Structures are given as structure tokens and as C-alpha cells.
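# Examining the three-dimensional arrangement
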Amino acid sequence: MDNSLIASHLRLQRGQRWLIDDVSLMLACGELVALIGPNGAGKSTLLRLLTGYLSAEQGECWLAGQSLTQWPARALSRRRAVMLQQTQLRFDWPVEAIVAMGRAPWGALHEAEIVREVMALTGCDDLARRHYATLSGGEQQRVQLARSLAQLWNNGAPEGWLFLDEPTSALDLYHQQQLLRLLKKLIVSGKLHVCIVLHDLNLAALWADRVLLLNNGKLVAQGTPRQVIQTDVITQWYGAEVEVRSHPGSDTPHVFLCS
Ligand SMILES: Nc1ncnc2c1ncn2[C@@H]1O[C@H](COP(=O)(O)OP(=O)(O)OP(=O)(O)O)[C@@H](O)[C@H]1O
Ligand SMILES: [Mg+2]
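Residues numbered from 1 in each chain as written. Chains lettered and ligands numbered in written order. Predicted model: local features only at pLDDT ≥ 70, side-chain atom pairs only at ≥ 80, totals over all residues. Heavy atoms only, no water.

In plain terms, the rule: UniProt positions are given in the numbering used here, feature names are shortened, and annotations may be inferred rather than shown by experiment.
The name an unreviewed UniProt entry gives the protein is Heme ABC transporter ATP-binding protein, with Superficieibacter electus as the organism. According to UniProt, the comment filed for the protein under the heading Function (unreviewed entry) is "Part of the ABC transporter complex HmuTUV involved in hemin import. Responsible for energy coupling to the transport system."

### Regarding the layout of surface pockets
In this approach a probe as big as a water molecule rolls over the atoms, and the regions it shows empty are the leftover space. Note the following rule: A pocket here means an open set of points on a 1 Å grid, computed over the protein atoms alone, that has protein on both sides within 12 Å along at least five of seven lines. A cavity is instead a set of points where a 1.4 Å probe fits but cannot get out; residues with an atom within 4 Å of a point line either one. Grid points are joined across faces, edges and corners, and a volume is the space filled by probe spheres set on the points. Secondary structure elements follow DSSP: runs of H or I no shorter than four residues count as helices, runs of E no shorter than two count as strands, and numbering proceeds from the N terminus. Each residue gets one label: Ala, Val, Leu, Ile, Met, Phe, Trp, Tyr, Cys and Pro are nonpolar, Asp, Glu, Lys and Arg are charged, and the others, such as Gly, are polar.
Approximately 330 Å³ is the volume found for the largest pocket. In terms of lining, the largest pocket is formed by 17 residues, of which the most central are Tyr53, Val82, Leu84, Arg147 and Gln151. It is strand β6 (residues 80-83) that contributes the most residues to the lining of the largest pocket, 4 residues altogether. Within the lining of the largest pocket, the residues separate by chemical class into 9 nonpolar, 5 polar and 3 charged. One number sums up the size of the second largest pocket: a volume of about 220 Å³. Listing elements by their share of the lining of the second largest pocket, those giving two or more residues are α4 (111-121), α5 (137-152) and α6 (173-189). The element that contributes the greatest number of residues to the lining of the second largest pocket is α6, accounting for 7 residues.

### Some details on the coordination of the magnesium ion (ligand 2)
Note the threshold: Distances up to 2.8 Å from the metal define which N, O and S atoms are donors, and 3.2 Å serves for Na, K and Ca; water is absent from the atom set, so sites may look incomplete. Any residue under 20% of the maximum accessible area for its type is buried, any over 50% is exposed, and the rest in between are partly exposed; the area is computed with a 1.4 Å probe on protein chains only.
Around the magnesium ion (ligand 2), the donor atoms from the protein are Ser44 (OG) and Gln85 (OE1), and they sit 2.0 to 2.3 Å away. Placement of Ser44 in helix α1 (residues 43-51) and of Gln85 in the loop between β6 and α3 (95-101) is noted, with a sequence separation of 41 residues between them. Take Gln85: its relative accessible area is 34%, and that puts it in the partly exposed class.

### Quick word on the UniProt feature "domain: ABC transporter" (unreviewed entry) in the protein
With numbering matched to this structure, UniProt assigns "domain: ABC transporter" (unreviewed entry) to residues 5-241. Taken end to end, residues 5-241 is 36% helix and 29% strand, and its two terminal C-alpha atoms sit 34 Å from one another.

### What to know about the side chain of Asp21
For clarity, the threshold we go by: Any pair of N or O atoms that falls within 3.5 Å is considered a polar contact. Within protein, one atom must be able to donate a hydrogen and the other to accept it, and sequence-neighbouring residues count only if both atoms are side-chain atoms. The contact definition used throughout considers only heavy atoms, calling two residues in contact when any of these lie within 4.5 Å.
Assignment of secondary structure puts Asp21 in strand β2 (residues 17-27). Judged by its relative accessible area of 15%, Asp21 is buried. At a separation of 3.1 Å, a polar atom in the side chain of Asp21 contacts the side chain of Arg11. Within polar-contact distance, the side chain of Asp21 engages the side chain of Lys218 at 2.7 Å. Apart from the residues within four sequence positions on either side, Asp21 is in contact with Leu10, Arg11, Gly217 and Lys218.

### Let's talk about the pairing of β2
Short version of the rule: DSSP bridges decide pairing: two strands pair if at least two such bridges lie between them.
Where strand β1 (residues 5-14) lies against β2, 8 bridges are found, and the strand directions are antiparallel. From the neighbouring strand, Ala7 faces β2, where its bridge partner is Leu25. Taking the residues that link successive antiparallel strands as the turn, the β1-β2 hairpin has 2 residues, and the phi of Gly15 there is positive, at about 60°.

### A short note on the site of ligand 1
Operational definition: Note on definitions. A residue lies near a molecule or strand when any single heavy atom of the residue is within 4 Å of it. Calculation of accessible area relied on Shrake-Rupley with a 1.4 Å probe; when residues are assessed, cover is drawn exclusively from the protein chains displayed.
Taken together, 14 residues surround ligand 1, and among them Gly40, Lys43, Ser44, Thr45 and His199 come closest. A distance of 2.9 Å is found between an oxygen atom of ligand 1 and a side-chain nitrogen or oxygen belonging to Arg17. Asn39 is positioned such that a nitrogen or oxygen atom in its side chain is 3.0 Å from an oxygen atom of ligand 1. Compared with its free state, where it exposes 640 Å², ligand 1 has 61% of that area covered by protein. Of all the secondary-structure elements, those providing two or more residues to the shell around ligand 1 are β2 and α1. When residues in the shell around ligand 1 are grouped by element, the largest group, 3 residues, is from α1. Here the residues of the shell around ligand 1 are counted per class, giving 3 nonpolar, 7 polar and 4 charged.

### Re the environment of Leu183
Along the polypeptide, Leu183 turns up in helix α6. A relative accessible area of 0% means that Leu183 is categorised as buried. Along the sequence, Leu183 and Leu32 sit 151 residues apart, while their C-alpha atoms lie 8.1 Å from each other.

So, in C-alpha cells, the structure goes:
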């Protein structure tokens, strides 16, 4: 089945300002798409529109050929999961229980087994009996990733669309690498498609198949990392003084900040 996500002419207004201004895009199956752009560009807002948490004033999103607004809530929850930029929980449950929350759309069948599996994949096994509020910021992020994967778990692997809003912002270098390698492995070997908001352009350059650059609510550049992550493009849209060169170990761009 075609599992593409298509957004057509999305617009969202708050006050006098268009937070999302005529954004059209297609996220194809089996892709890792990075959404980049400066603070306030509209990345988190766009993610909410693409996942059905916000409704656009104009335009529409389709998942697998059906308008997002037409998807029954439970079926949609089985098909797409979202890890938000900040996840504040009002309750302090054991980590295992937080991850198991991801299984809510599926019922209890194989729950314990799936929870164990996603915790092992995300390096959370040692945290299972800890309480969520006592975890470090990076540990909490890994637990939220495990919960999102549990939500999409179907027949031995995650299946569907995974949207991640800055999932590496609190991770150390090792865990950043582990997360991107895991996503890539799951995409290549299965039926997972990923859209990930990243501020670290070098992570996007190394792992994304495609990069979308958002500025002031508009999609201003898109293409392969090599096409988008260029000195003049990044300088223009971020206002930062940078130099983009080639990564020494791969054929991808690498951004250096000028001092
Ligand atoms: N409810 C709202 N009312 C007014 N302005 C809003 C509202 N929600 C978001 N904004 C503004 O819309 C803009 C886009 O916000 P958004 O959170 O999508 O940015 P972002 O690209 O994710 O930024 P960051 O990189 O800092 O996470 C920001 O300027 C924000 O202040
Ligand atoms: Mg954001």
C-alpha cells in the first residue's frame, strides 16, 4: 500500500502572522527526511499539522491516500507516532509503564515483549524500573523514542510514520549516533518512514535522504543534503557565518562554524 504523506498548500495563522505559509511537500515511503531551519521557523508547528495534532486553516494532508481528518483516531495512532520537542508528564511512572503507554492503540497483546524489545533497541533496558522524573534529560529522550517505536510496533518491527522533534537535543555524541543509526537500520530493513527535526545540520547531512529547510513558515529549500547544506544557503537562512566542506569519511557536507 502507498504510505506516502502529502501536504498541499498548508497555511496556519496566529494573530497577524502566518506561522505556516503555503507549504506543500511529499514524504515518501522508506525515507529519512530532516526538517531544518532557524528558531521560530515553524518546524514544530509544521510537524503538528503533518501529524494531525493541529488543523490547518487552508490546505490539507493525506496519509496513504486518505485525508488526515478522515482517519479514525485509533487507526491513525497505529500508523503514525510523534515524539514532541518537550514531553512533560504530569505523573511519575516507572519507565516501563511510560513505554507501554505507546501500546495503547493496540491493546495488551504481546505488550511486555514489545516493551522489552524497544527498550533494548534504544538502550533503555537499565532504566526499566526507574521513575521517569528521576531520569536525566537525555535518558528521558531515549525513553520517549522507545515509547514512539512501541506505538508503531507491528509484527516484529515498527511500521508507519515516525515524526521526531529534535530527538537528539539532549543526547551525547554516542547516543546521537546510536539514534540515527537505529532509525536508518529500521528504515532500510522494514516499513518505517521518518521525519526528524534537527538543529544539528551535520547529523542531517550524514543520515538524511532529503532535507527540507523552513524559514518564517515557508519551505525555502529542499533536496539532498548536498543540495541544501551549502555555505551560501545556510548563511542566508540562518544568518550564521559558516563554511561547509566535505566530511572526511563520507561524501556528505559538513558545517563548520566560523569563530
Ligand atoms: N499559539 C501561538 N501563538 C502565537 N505564536 C505562536 C504560537 N505557536 C507558535 N508561535 C510562534 O510561531 C513560530 C514558529 O514556532 P515553532 O515552535 O513552530 O518554531 P520552531 O521552528 O519549531 O522553532 P525551534 O527551533 O525554536 O523549536 C514561533 O515564532 C512561535 O513563537
Ligand atoms: Mg521547535
